[in-house]
4 protein chains.
Amino acid sequence: MSVNSFGRIFTVTTWGESHGPALGATVDGCPPGVALDEGAIQPFLDRRRPGQSKMTTQRQEPDSVRILSGVFEGRTTGTPIQLTIENTDQRSRDYGEIAQAFRPGHADITYHLKYGHRDYRGGGRSSARETAARVAAGGVARAVLRELAQQVTITGYMVQMGELTIDRSRFDPEEITRNDFFLPDAAAVPDWTDYLTRIRKEQDSVGAVVEVLIQGCPPGLGAPVYGKLDTDLAAAMMSINAVKAVEIGEGMAAARLRGTENADEIRMGPNGPEFLSNHAGGILGGISTGQDIVLRFAVKPTSSILTPRRTINRAGEEIDLITKGRHDPCVGIRAVPVAEAMAACVILDHLLLDRAQTGGQRGEIG
Amino acid sequence: MSVNSFGRIFTVTTWGESHGPALGATVDGCPPGVALDEGAIQPFLDRRRPGQSKMTTQRQEPDSVRILSGVFEGRTTGTPIQLTIENTDQRSRDYGEIAQAFRPGHADITYHLKYGHRDYRGGGRSSARETAARVAAGGVARAVLRELAQQVTITGYMVQMGELTIDRSRFDPEEITRNDFFLPDAAAVPDWTDYLTRIRKEQDSVGAVVEVLIQGCPPGLGAPVYGKLDTDLAAAMMSINAVKAVEIGEGMAAARLRGTENADEIRMGPNGPEFLSNHAGGILGGISTGQDIVLRFAVKPTSSILTPRRTINRAGEEIDLITKGRHDPCVGIRAVPVAEAMAACVILDHLLLDRAQTGGQRGEIG
Amino acid sequence: MSVNSFGRIFTVTTWGESHGPALGATVDGCPPGVALDEGAIQPFLDRRRPGQSKMTTQRQEPDSVRILSGVFEGRTTGTPIQLTIENTDQRSRDYGEIAQAFRPGHADITYHLKYGHRDYRGGGRSSARETAARVAAGGVARAVLRELAQQVTITGYMVQMGELTIDRSRFDPEEITRNDFFLPDAAAVPDWTDYLTRIRKEQDSVGAVVEVLIQGCPPGLGAPVYGKLDTDLAAAMMSINAVKAVEIGEGMAAARLRGTENADEIRMGPNGPEFLSNHAGGILGGISTGQDIVLRFAVKPTSSILTPRRTINRAGEEIDLITKGRHDPCVGIRAVPVAEAMAACVILDHLLLDRAQTGGQRGEIG
Amino acid sequence: MSVNSFGRIFTVTTWGESHGPALGATVDGCPPGVALDEGAIQPFLDRRRPGQSKMTTQRQEPDSVRILSGVFEGRTTGTPIQLTIENTDQRSRDYGEIAQAFRPGHADITYHLKYGHRDYRGGGRSSARETAARVAAGGVARAVLRELAQQVTITGYMVQMGELTIDRSRFDPEEITRNDFFLPDAAAVPDWTDYLTRIRKEQDSVGAVVEVLIQGCPPGLGAPVYGKLDTDLAAAMMSINAVKAVEIGEGMAAARLRGTENADEIRMGPNGPEFLSNHAGGILGGISTGQDIVLRFAVKPTSSILTPRRTINRAGEEIDLITKGRHDPCVGIRAVPVAEAMAACVILDHLLLDRAQTGGQRGEIG
């Protein structure tokens, strides 16, 4: 299986480099008959797009997605869907130093070691720009979920940026789309703005924690041992550029808990089983419980900063390097729509897998 | 691909339930000509085996592995290796309540919902016993690594149990195998023993954090986008029972760092590039740098405790449940050899994948 | 994916060598709740078993299958099913010459070249004995088909052995199980018996053509381009030892036909579309039409014969070799139940795949 | 894994419909550093392109391939290669009848049954036009083979068209590229031309047999049981539109042979083992012997003919249908470059797989 692919039934293979002519995603296994056009995907790309605020890089690209196959007269045909986004911002410029130097914190050196030959322009394949293709694929997944599992909602938001964390008592999902940080707390926006402005002025960057909340996921998605729902969600998040950790439910904090605290007790509610808590984050034994699925991941600070860093070049010379250009001071912000897209793909894939194995039937209780 | 499998070239499919006649692993893609017999695998199983100390469950099983195929006259033949471990401790006993009840924190309820029909004895497929098969497969991976990449060492150890954390200034790898906790700090053992004894007496359990250190991994293993080395390591760890979070390098702490702190600077050393720090945990852009690979994961507290918990049964009746039997008060301890095994499989798989794509050649520097 | 596996959802990995302690199949992706025990599988193994007539090898093995996992209280649990068959006929004997020599027509030389080290006893992994594991897996597939698509029947039979071909005007499916040749024509049995007896006395062997007829297969199974139903059926048959050709519908004869003859015309019948002929063999564009699926494959003559053949050994010495022991004079006979088993696995796999992508819904006509 | 993909390491996923904006192939797993540009691929597309002679359809398309990713400064980077071919001949026309009717012999009815909704224009995904994407991917495989296994040559040619077969005594590989039939026999061209002209005038079409000869393939490619080289080659050929049978070596004729005739005897030659014949077609036990690999496949007659055929439409009405337009009277001709491309992909994939498992080392003889 392609190392640039994910999914078992609903498979996504992304392709393309930051400064090549285009990038995109090849999506296979999509159910037929689903309403889909560019208009259903574009809003997700627009959310991810840089250059929208001072909080993200100023690279200006329309990121217009085109569907080249798999859709006919506004509905999917069940054949592969090719999604393409042209790279319009391919200014011919001098890549002199960057072509030879290895930017610290970037994949430049590992790509060079592994492949010998790499597209160094803008980071090539390792650029965060690749995530646009994932967001487009996520748009397809969302369109399918809308028809097969209408009740599923997937919401990403920031819960930490550097030293700042959200106040969960003020959590308001309505606010998330109203500010530049995907922050579920309107009152915090001014502080976050000041903080990030200060970091940028210091020619520095900062890390972040993003949380993804999946609501309405039916119970029974996942598999016992390796194709676990949490394994696949963790892999999906970890595969996003700059992600260094993934948590499900209590996450790292579970290490500090007691069994009496952590295991979610169960009672009968009016519509079936009800859990009295959700330390598990909606997944038990790799299979969804029907509760909210809650996951978080940490994004490292942007490695491209204007402060000079020590490194070497291909010739083995020691140099000091400044990564010019306007880069996101907190790349975690743009990871929010990417994480939502990945989660949508994983949930849909497991929904289809479950349909294959069990026909979607559920064991009865009561 | 089987949802009970992992790996792309070196593939492992585990099978078996806690109280069935046997469990095991089907290993394919193993290079031929590698020295292998049961004696090379058994020590890893012995390390994982419960019943060895008061710190783990008292279930007594020899966990003797048998190789049924793929090895001839002490060397692998390149054909599938079948590893089997008989379940000798299948005491016929009354599963009355457990057959009907859903133990909180366990997969009982999700298996029931998904499959309708499940082997409830000892948790069936969701039992930690399944990890014995992984450890056996890891023994094969280690035997191959010994021939293909002799310098690779993989060491797991506990760094946290409940409120206790290790003092890294006293880190001594020699100590890890000398105590019941896989603790790299001899001085801490008495405290950890007291702590866990107290928790057990309180009929409770506690979570843990395990760290895995991979040394000697060559640079260039991994792939850009989805088949990343960190993605695969994270998935491998997350697929272990009770794991709720995975960190690479700085992990969650990366969120709090600045770009000036986090990006590992590079200088030339006597043998090529040298990184001045290792915040990345040995992986950049999904590809190994040649530094130590460092990952951690959190294990939730054992859900099987003697304290009564509220739950329901298949009939939808609300009940209070005590999980009888002697269970690990900290299941994280036994996760150590499992994590090592999974890491060995992932590293070998990527070594073989890299051999396929690049022939193992590396880009030159200097 | 394991090179010893087949299937996408219902996956089968076979393992084991001819003279190792055991061989078997690891089956994953099986739907839960399906009635299954050894008794449901054993009859298929009994059909394949050698030593039953003078027409097949006299190796006497009970070929008793054991289910080690994935089944609980007589029904599948949805977790991996491990099927094991012990090799009881492992007589310790002198493999002196065969250990060094490469039997012409056998995989001895290619295994040696590829793997360097091989289990030469009885052909090791390349022995037709491996097909017992496939037949066992096919027994599981049949049990599932019985519940999910009761109307599907899969019937294999011989249509050619050396110079003899069946007279289709006397085709009687009832006869297939009543003779040693899986012949659908009782009147032909004496001739076939005489013919094969003569070939054996001449210390020779002969090839065969087997036909598989799949009736009751619903329309809509398959996929457009590479995961075609005919591609997967062809691969399944070609993967059986000694198979050298596969035909669907008209097969090779299609080359001689005109478009006016070959394209199956369609009319409306009482229950929907009806094809006026079946040159296509039940598959159009890789997807089942709902007609009978008809495929054939050629099996080469057994390479193990008592007539001396020229060959070499590992030392590069030219030798003459007689393959001692009692071998099938026509290995094609035993390929019949193997082909049925493979067909059952492929049909089930595509049924589950279709359920994943389309939910089993069909486009309407009329 | 995507059902529109093939390959394990060198993976190809094709996408696109006959009359959509574009079609193409996503190629992953390509080794880095290989010289590649559009110019290396275009000649293969030009060979496949229709409209070049009276012997193939007159649809006129330049079929210009564009590389959108994975290649930088004329060499592959090891990241996914996106190959795109625009559909320039998308004349807006009335698809009135064809939109509703099911053309006999075509996938129209099976696509409708499976997907409910299909792109009927020109057959959509089931059009032979999809094979252009395979040919482009084959061009990449050839470029890699040129660097990794320079001695490998892959040559396809026609050996039968309807009632005409080639005279192997006049076989001349040089002639293949000199005529419109890929015929290795110049003297036969006039007869073949007359024959096909007559068939076209009769508003009919005819089937064909194509042979593919792979020379210089190293021994040791393949795998024992399911990932056999012949299995994968057979699947690759069977996946081509309109193919109804595949033969390796003796193929169907093996059924008529005796063991004394069929098993290829071995002697020592100056450079190692030499086979005295090649009934096996270069593959034993699923693994290449180092001999020529010889395979053949039958292509059914084009289903689109000007003679009216009985069929039905979506409304369930019985109609008579003429497939207008200029279609290939023998679609087998254009299958030649497609088969070569598929063979190149399979050989490369197994070369890389072998490198993964054995490191390319071979067992010694003598």
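Residues numbered from 1 in each chain as written. Chains lettered and ligands numbered in written order. Predicted model: local features only at pLDDT ≥ 70, side-chain atom pairs only at ≥ 80, totals over all residues. Heavy atoms only, no water.

Asks: Looking at this structure, I do not really get the overall build of chain A. What am I missing?
Replies: Helices and strands together make up the secondary structure of chain A, namely eight helices and 18 strands. Whereas a compact globule of 366 residues would reach a radius of gyration of roughly 21 Å, chain A reaches 21 Å, a difference of no more than 12%. Here the C-alpha coordinates of chain A stretch approximately 70 × 50 × 35 Å along the principal axes. Counting every atom, chain A has about 11300 Å² of accessible surface; 46% of that belongs to carbon and sulfur. Positive and negative side-chain charges of chain A, numbering 40 and 45 respectively, have mean locations separated by a distance of 4 Å. (Helix = DSSP H or I, 4+ residues; strand = E, 2+ residues; numbered from the N terminus. Rg over C-alpha atoms; globule rule 2.2 N^0.38 Å. Areas by Shrake-Rupley, 256 points an atom, 1.4 Å probe, with all protein chains shown as cover. Lys, Arg positive; Asp, Glu negative; His and termini not counted. Charge placed at Lys NZ, Arg CZ, Asp CG, Glu CD.)

Asks: Can you walk me through the relation of the copies chain A and chain B in this structure?
Replies: When chain A is fitted onto chain B, the two copies agree to an RMSD of 0.0 Å after a turn of 180 degrees and an axial shift of 0.0 Å. The superposition operator between the copies reduces to a two-fold rotation axis. (Least-squares fit on C-alpha atoms with pLDDT ≥ 70 in both.)

Asks: Just to check I follow, could you spell out the UniProt feature "binding site: NADP(+)" (unreviewed entry) in chain A for this structure?
Replies: Residues and elements named next belong to chain A. The residues that UniProt annotates with the feature "binding site: NADP(+)" (unreviewed entry) are Arg 48 and Lys 54. Assignment of secondary structure puts Arg 48 in helix H1 (residues 38-48). Discounting residues that sit within four places of it in the chain, Arg 48 has contacts with Asp 63, Ala 128, Arg 129, Thr 131, Ala 132, Val 135, Arg 334, Pro 337 and Val 338. (UniProt positions renumbered as here; feature names shortened; annotations may be inferred. Contact = heavy atoms within 4.5 Å.)

Asks: What should I look at first to understand the pattern of salt bridges in this one?
Replies: Opposite charge on two side chains makes pairing possible when the charged atoms of those side chains draw close. Applying the stated criterion across every chain yields a total of 97 salt bridges over all chains. Between Glu 340 of chain B and Arg 142 of chain B there is a salt bridge, with the nearest N and O atoms lying 3.0 Å from each other. Residue Glu 340 of chain B is located in helix H8 (residues 332-358), and its partner Arg 142 of chain B is located in helix H4 (residues 131-148); the two are separated by 198 residues in the primary sequence. Residue classification places Glu 340 of chain B among the buried residues on the basis of a relative accessible area of 3%. On the basis of relative accessible area, Arg 142 of chain B is assigned to the buried category, the value being 16%. Between Glu 130 of chain D and Arg 134 of chain D there is a salt bridge, and its shortest N-O distance comes to 3.0 Å. Here Arg 134 of chain D falls in the buried class, since its relative accessible area comes to 1%. Overlapping salt bridges bring together Arg 168, Glu 211, Glu 247 and Arg 296 of chain A as one network. (Salt bridge = Lys/Arg side-chain N within 4 Å of Asp/Glu carboxyl O. Buried < 20%, exposed > 50% of the residue type's maximum accessible area, 1.4 Å probe, protein only.)

Asks: Just to check I follow, could you spell out the sheet that holds strand S2 (residues 11-16) of chain D for this structure?
Replies: By definition, the strands of a sheet pair up through backbone hydrogen bonds, in either a parallel or an antiparallel sense. Residues and elements named next belong to chain D. Strands sit in the order S1-S2-S3-S7-S4 across an open sheet of five strands; the sheet is antiparallel. Edge positions in the open sheet fall to strand S1 (5-6) and strand S4 (65-69), since each of these has one partner strand only. Helix-sheet contacts for helix H1 (residues 38-48) involve S4 and strand S7 (81-86), and the interaxial angle to S4 is about 140 degrees. (Pairing = 2+ DSSP bridges. Axes fitted to C-alpha atoms, helices over the stretch in contact; angles between N-to-C directions.)

Asks: What is the right way to read the interface of chain A and chain B from this model?
Replies: Accessible area lost during the coming together of the parts is what is often quoted as the interface size. With 118 residues of chain A at the interface, the matching set in chain B holds 118 residues. Approximately 9500 Å² of surface area, both sides summed, lies buried where chain A meets chain B, with 58% of it carried by carbon and sulfur atoms. It is Lys 114, Tyr 226 and Lys 244 of chain A that lose the most area in chain A upon contact with chain B, and together they represent 9% of the buried surface on that side. Note that Glu 265 of chain B is salt-bridged to Arg 309 of chain A, the shortest N-O span being 3.7 Å. By residue class, the composition of the side of chain A that touches chain B is 53 nonpolar, 37 polar and 28 charged. Looking at chain direction, strand S11 (residues 243-248) of chain A and strand S11 (residues 243-248) of chain B are connected through three bridges and run antiparallel. Across the sheet, Glu 247 of chain A pairs through a bridge with Ala 245 of chain B, a residue of S11 of chain B. (Buried area = accessible area lost by both parts, 1.4 Å probe. Nonpolar A, V, L, I, M, F, W, Y, C, P; charged D, E, K, R; others polar.)

Asks: Honestly, the packing of aromatic side chains in this entry has me stumped. Any pointers?
Replies: Two numbers describe a pair of aromatic rings. These are the distance of the centres and the angle of the planes. Here the structure, examined in full by the defined rule, presents 20 aromatic pairs over all chains. Look at Phe 181 of chain C and Trp 192 of chain C: their rings are 5.8 Å apart centre to centre, the planes differ by 65 degrees, and that puts the pair in the edge-to-face class. Here Phe 181 of chain C is found in the loop between strand S9 (164-165) and helix H5 (189-201), whereas its partner Trp 192 of chain C is found in helix H5, with eleven residues between them in sequence. With a centroid separation of 4.9 Å and 75 degrees between ring planes, the pair formed by Tyr 157 of chain D and Phe 171 of chain D is classed as edge-to-face. Highlighted residues: Tyr 157 of chain D in strand S8 (residues 153-161) and Phe 171 of chain D in the loop between strand S9 (164-165) and helix H5 (189-201), separated in sequence by 14 residues. (Phe/Tyr/Trp six-rings, centres within 6.5 Å; stacked < 30°, edge-to-face > 60°.)

Asks: Just checking my understanding: could you explain the interface of chain D and chain B for this structure?
Replies: At the interface, 15 residues of chain D touch 15 residues of chain B. Buried area between chain D and chain B, summed over both chains or domains, comes out near 1000 Å², and the portion from carbon and sulfur atoms is 58%. Considering only the side of chain D, the residues that lose the most area to chain B are Arg 355, Ala 356 and Gln 357 of chain D, jointly responsible for 51% of the buried surface there. Across the chain D-chain B interface, the total number found is zero salt bridges. The tally of links from chain D across to chain B stands at nine residue pairs in polar contact (both at pLDDT 80 or more). Here the residues of the side of chain D that touches chain B are counted per class, giving eight nonpolar, six polar and one charged. (Polar contact = N/O pair within 3.5 Å; in protein donor to acceptor, adjacent residues only side chain to side chain.)

Asks: Please clarify how the pairing of strand S10 (residues 208-215) of chain C should be interpreted in this entry.
Replies: Here is the key point about a regular strand: its side chains alternate between the two faces of the sheet. All names here are of chain C. Taking burial as the measure, the eight residues of S10 include seven buried ones, the bulk of the element. Bridge analysis of strand S8 (residues 153-161) against S10 gives eight bridges, and the strand direction is antiparallel. Across the sheet, residue Thr 155 finds its bridge partner in S10, namely Leu 213. With seven bridges connecting them, S10 and strand S16 (residues 293-299) associate as antiparallel partners. Across the sheet, Leu 213 pairs through a bridge with Val 294, a residue of S16.

Asks: Can you walk me through the side chain of Thr 76 of chain D in this structure?
Replies: Tracing the backbone shows Thr 76 of chain D in strand S6 (residues 75-76). Among the polar contacts made by the side chain of Thr 76 of chain D, one reaches the main-chain carbonyl oxygen of Pro 31 of chain D at a distance of 2.7 Å. The contact partners of Thr 76 of chain D, leaving out residues within four places of it in the chain, are His 117 of chain A together with Cys 30, Pro 31, Pro 32, Gly 33, Val 34, Leu 36, Gly 70, Val 71 and Ile 81 of chain D.

Asks: What is the right way to read the relation of the copies chain D and chain B from this model?
Replies: Superposing the two chain copies requires a rotation about an axis and a translation along that axis. Between chain D and chain B, the superposition needs a rotation of 180 degrees and an axial shift of 0.0 Å, giving an RMSD of 0.0 Å. Here 100% of the contact residues of chain D are again contact residues in chain B; the copies associate through an equivalent surface.

Asks: Quick question: what am I supposed to make of the side chain of Glu 265 of chain A here?
Replies: The residue Glu 265 of chain A is located in the loop between helix H7 (259-262) and strand S12 (266-269) in this model. Within the structure, Glu 265 of chain A has its side chain in polar contact with the backbone nitrogen of Arg 310 of chain B (distance 2.7 Å).

Asks: Would you mind going over the sheet that holds strand S3 (residues 22-28) of chain A with me for this structure?
Replies: Residue and element names in this part refer to chain A. The antiparallel open sheet is built from five strands, whose spatial order is S1-S2-S3-S7-S4. Looking at the sheet topology across the chains shown, the edges are occupied by strand S1 (5-6) and strand S4 (65-69). Inspection of the sheet shows S4 paired to strand S7 (residues 81-86) by four bridges, in the antiparallel sense. When the bridges of S7 are listed, Arg 66 appears paired with Thr 84. In the packing of H1 onto the sheet, contacts are made with S4 and S7, and the angle to S4 comes to roughly 140 degrees.

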